[in-house]
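What the coordinates show
Residues per chain are reported as follows:
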Amino acid sequence: MLSFLRRMFGKERKEPTPAGQVSVPEGRDLVEKLQQLFQDCDDVKFRRLRLGQPGIPVTIIGIEGMTDDARIEEVTIRPLLKWGQEASPKELKHWDVHYLAERVLNSTEVNVVDDFEIAAAAILGGDILLVRDGDQIGLQIDNRGWESRGVQDPVHEVTIRGPRDSFTENLFWNTGLVRRRIRDPNLRVKLKKIGRRSRTNVALLYVDGITSPELVEEIEKRLAAIDIDVILDSGTIEKLIEDQWFSPFPQHLKTERPDKTAAALLEGRAVLMADTTPFVLIMPASLGSFFQTPEDTYDRFVPVSLLRLIRFTASIMSTLIPALYIAFVAYHPAALPTELALRVAASREGVAFPVLVEAILMQLFLEMIKEAGLRQPGTLGQTFGIVGGLILGDVGIRAGIVSEAMVITVAVTAIASFTSTDREMGTVLRLLGLPVMVSAALLGLYGVMMGGLFVAIHLAILRSYGVPYLVPYIYYKWSDVQDTTIRLPLLMFKERPAFLGSKMRRRQGDRSDR
Amino acid sequence: MSRFVLFSVVIAVALIVSGCWDYLDIENRAYVFGVAVDRNPDGEGYLATIEIAHPQGQPQSGSPGGQLPEPPKILKSRAGTTLGDALYHIGDGHLSRVPLWQEVKAIFISDDVAREGIGPVIDLFFRSTVLNLRSYMYIVEGSAAEPLLWLPEFQPLTSRYVREMERQFAKNPLYAKPKSVIMTASRLIEAGAVMLPRLVMENGEVRLKGSAVIQDGVWVGWLDEPTTIGANWLIGDLDRVMAQTGCPIDANHEITMELNAAEHRLDLTVDGDRIEARYRIGAIVRMLDMSGCLLNPTDLEDRILIERAAAEWMRRHLELAIKRSQEELGVDFLGINVAFSRRFPQLARQIEWNDVYPKVDIHVETEANLAHPGVLQVGPIIR
């Protein structure tokens, strides 16, 4: 019981040794130590060779599935055996790993490793280690060869116009996709390993001279402060480095599109990529940036501005519509147009529940249908949509569980929330409607206003890397309004957003003017 | 801790200053659209009748025409010593839902009540926080509750039907311009008299026909339709009217015109004890029908004949209103006193207008201008 309470209130005793820290085992040489370290790890292979006539024993250590066997043979085993046959006895007697690295092995990247921890990390990272028996040092040979998904169409950020490639789970392919778009030596890619056990490669990308150095410094500081055993996705990093963990609003933009990433970098933002995840983080984020799509850049500014206005309005509606419905139906029916009020009253006749319960039930149905459809294979997912939308809606009305007006309200809410370009933002706005609904049920329109005000206050104090979340709607500069709820023509985009603190504000020369 | 206290205070204040006890689902409310006020036939006081909409009895899109699944309206009556007593207790014991008064569209007042005064109705609406001050007032010849029993076409609620007819007023003002409780009260305070639409039951149907003149809150007389047209024009409420008059060259045929109000001017002069009011009323004429009348509107002489006929029609109607106002009722429902007190404020304070008004010298000059002879520019091509 006491231990449970300790766990609950954080009084648990700390682990004596941090997870992931390798304690050096006993052993005669590096090979023996590694054997002890990887005991019971049957996927770790120790390939023994004997070189030349004296039969000098060497061991190649690698992990099955993370290394490329054909490549091991080509760049390591074959050159070693050939050298063993051709080398003079003197050479065979006095060689060292430096000699092998420089003169024998064909691999592009070979490093001498004299630290046990680095050796273990190299093996776990997919490289192979070549060690002569009895030595405490070895050679780390680049040999990563795991299977990876190729570059495919983006799944979540589909556009009609624009490039069709998207990030993959391979970090260096992803950085390459960005480099293809920004062929500028000032594009910096800083690699870090995060996760005590996962040792995940994380890359921080920014354009030197454009991105604010303070921003880069702050991100590096936050990354350095991460102390966790595993990073499985960029989402884990996101939760560990965001400004306010308790906020329901996402404080990083997420994308799987290289073009959006490149555009963000050239605006003066920084990008964080993690190995094994196709979603990269763009920072800092502002509320307005969640309603923009890469397509906005490629299409004409008038329809783009109108569509952005629709997205923005719809997102606000997704929070407020159910609450407004409750407030009007339960408190202020006289404020409704007469015809509508009579229709709503007629549709509410015979409904078993008060309007608040009805609204919560319908929201619950909606979330259930969405969740069930999302986690199932495509065809089954569509079935859930039909079952939920048609059958539950229709039968729900007939059974007196919900009214027609409420079905329409919730349907509009759902559609409105899906207009947000960021899935997480859409979900947050829709679910925020629940507390606002309760507030509306308690206090009517006053409650809607109070609920809306709480959300607005929270948004006003929210920061992403020190940048106010509501820029440029508040703390704005006129030049920053060019790409917000509306989008001005590209020719007018002379400067980068001021709130990103870029040292090089100018982004377009006057030559573009005709 | 202080944050928690602050949050608690905010929530407590929010709950106290608002009305979560006002929560009532829409289906538990009775939508009151019309209120009828009659004298209590069984004694002193009033008999109030309300018209409540039955939500499921309203015409729905997609439902077969005219087939209503439920009765569209419910009427509830109650007598009370005061109108407030009758209205506020109207649902007691026989209405399961809570009346929603903000939707009241029309107040029907019987001429019996109006003869004693519409002041109690206005007073009740002004003092109440729930009654709708934008409700329109109608004076009913006979029982005020009777029109509520009628089922109009298209719109089964009499109150909404009558309110929708407001749109017709702009085209052919055969009745006084409908006025809300606020407008009626302000007109009575400012001018002392007001014209309200008169509502009659003809052949079992509701009809807006002419107007009732209310002076100092009390009914003083009816105006027929031609007089009402003239009065509306003199007051300035008229935008356009359909005029039918004889063909200037052939008494056997008539022509129909649309007269659009143009110039409207009232000049007041005082010469000793003599007060003179001179109206200049102008109209633009759109010819609608002149079949059988062999005039050519593009011909200058024919055109003058048509314009004279229109001006004469106007003058005739305007003089009817003046005669009714000045000679028959002796009530200035035309609002000349308002213009007079603005033009001569000091003099207006010294005289008793009701005594002076019958002696005011009122002249009317009318002018019509035929601007739209129609697509067919000449006279009839076929006899």
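Residues numbered from 1 in each chain as written. Chains lettered and ligands numbered in written order. Predicted model: local features only at pLDDT ≥ 70, side-chain atom pairs only at ≥ 80, totals over all residues.

Considerations on the overall build of chain B
- Across its full length, chain B carries 13 helices and 14 strands.
- Seen along its three principal axes, the alpha-carbon backbone of chain B occupies a region of about 90 × 65 × 60 Å.
- Looking at chain B as a whole, 39% of its 383 residues are labelled buried.
- The long-range share in chain B, meaning contacts at least 24 apart out of those at least 6 apart in sequence, stands at 69%. (Helix = DSSP H or I, 4+ residues; strand = E, 2+ residues; numbered from the N terminus. Buried ≥ 20, exposed ≤ 12 C-beta atoms within 10 Å, placed from the backbone. Contact = placed C-beta atoms within 7 Å.)

Some remarks on the sheet that holds strand β1 (residues 44-51) of chain A
Residue and element names in this part refer to chain A.
- Pairing is antiparallel across the open sheet formed by five strands, whose spatial order is β1-β2-β4-β5-β3. Two strands bound the open sheet, and with one partner strand each, they are β1 and β3 (110-113). Sheet twist, expressed as the mean angle between neighbouring strand axes with direction ignored, is 25°.
- Helix α3 (residues 69-86) contacts β1, β2 (56-63), β4 (128-132) and β5 (138-141) of the sheet and is inclined by roughly 25° relative to β1. (Pairing = 2+ DSSP bridges. Axes fitted to C-alpha atoms, helices over the stretch in contact; angles between N-to-C directions.)

Points about the sheet that holds strand β14 (residues 361-372) of chain B
Residues and elements named next belong to chain B.
- The sheet built from four strands is open, its strands ordered β11-β12-β13-β14 with mixed pairing. The outermost strands of the open sheet, each flanked by one partner alone, are β11 (240-247) and β14. The sheet shows a mean angle of 35° between the axes of neighbouring strands, taken without regard to direction.
- Direction of pairing for strand β13 (residues 274-289) relative to β14: parallel, over a ladder of eleven bridges. By the bridge assignment for β14, G282 is matched with E367.
- Helix α10 (residues 300-329) rests against β11, β12 (250-271), β13 and β14 of the sheet, and its axis sits at about 150° to β14.

Here's the deal with the domain arrangement of chain A
- What the domain assignment reports for chain A is domain 1 (30-141), domain 2 (171-285) and domain 3 (298-467).
- One C-alpha centre belongs to domain 1 of chain A, the other to domain 2 of chain A, and the line joining them spans 34 Å. (Domains from an automatic or database assignment.)

A short note on helix α2 (residues 30-37) of chain A
All names here are of chain A.
- Of the positions making up α2, those classed as buried are L30, V31, K33 and L34. Relative to the axis of α2, the buried residues are bounded by an arc of 160° and lie together on one face.
- Against β2, α6 (116-124), β4 and β5 lie the buried residues of α2. (Arc of directions from axis to C-beta.)

Some remarks on the domain arrangement of chain B
All names here are of chain B.
- In terms of domains, chain B is made up of domain 1 (27-223) and domain 2 (241-383).
- For domain 1 versus domain 2, the distance between C-alpha centres works out to 33 Å.
- Broken down by secondary-structure element, the contributors of at least two residues to the side of domain 1 that touches domain 2 are α8 (181-191), β8 (193-202), β9 (205-215) and β10 (218-223).
- Along the lines of polarity and charge, the residues of the side of domain 1 that touches domain 2 split into eight nonpolar, four polar and one charged. (Nonpolar A, V, L, I, M, F, W, Y, C, P; charged D, E, K, R; others polar.)

Remarks on the interface of chain A and chain B
- On the chain B side, the residues contacting the 22 residues of chain A number 18 residues.
- Among the elements of the structure, α12 (301-330), α13 (338-348), α17 (423-443) and α18 (445-461) of chain A are those that each provide at least two residues to the side of chain A that touches chain B.
- It is α13 of chain A that contributes the most residues to the side of chain A that touches chain B, seven residues altogether.
- A per-class count over the side of chain A that touches chain B returns 17 nonpolar, three polar and two charged.

Concerning the pairing of β11 of chain B
Residues and elements named next belong to chain B.
- With eight bridges connecting them, β11 and β12 associate as antiparallel partners. Opposite M242, over in β12, you have E258 as the bridge partner.
- In sequence, β11 turns back onto β12 through a hairpin of two residues.

Some words on the pairing of strand β9 (residues 270-274) of chain A
Residue and element names in this part refer to chain A.
- When you tally the buried positions in β9, you get five out of five residues, the bulk of the element.
- Of the two faces of β9, the one holding A270, L272 and A274 and the one holding V271 and M273 are both buried throughout.
- Sheet analysis places strand β7 (residues 200-207) next to β9, joined by four bridges and oriented antiparallel. The partner of A203 across the bridge, within β9, is M273.
- With three bridges connecting them, β9 and strand β10 (residues 280-283) associate as antiparallel partners. Within the sheet, the bridge partner assigned to V271 lies in β10 and is I282.
- Counted along the chain from β9 to the antiparallel partner β10, the turn is five residues long, and its residue T276 has a positive phi close to 70°.

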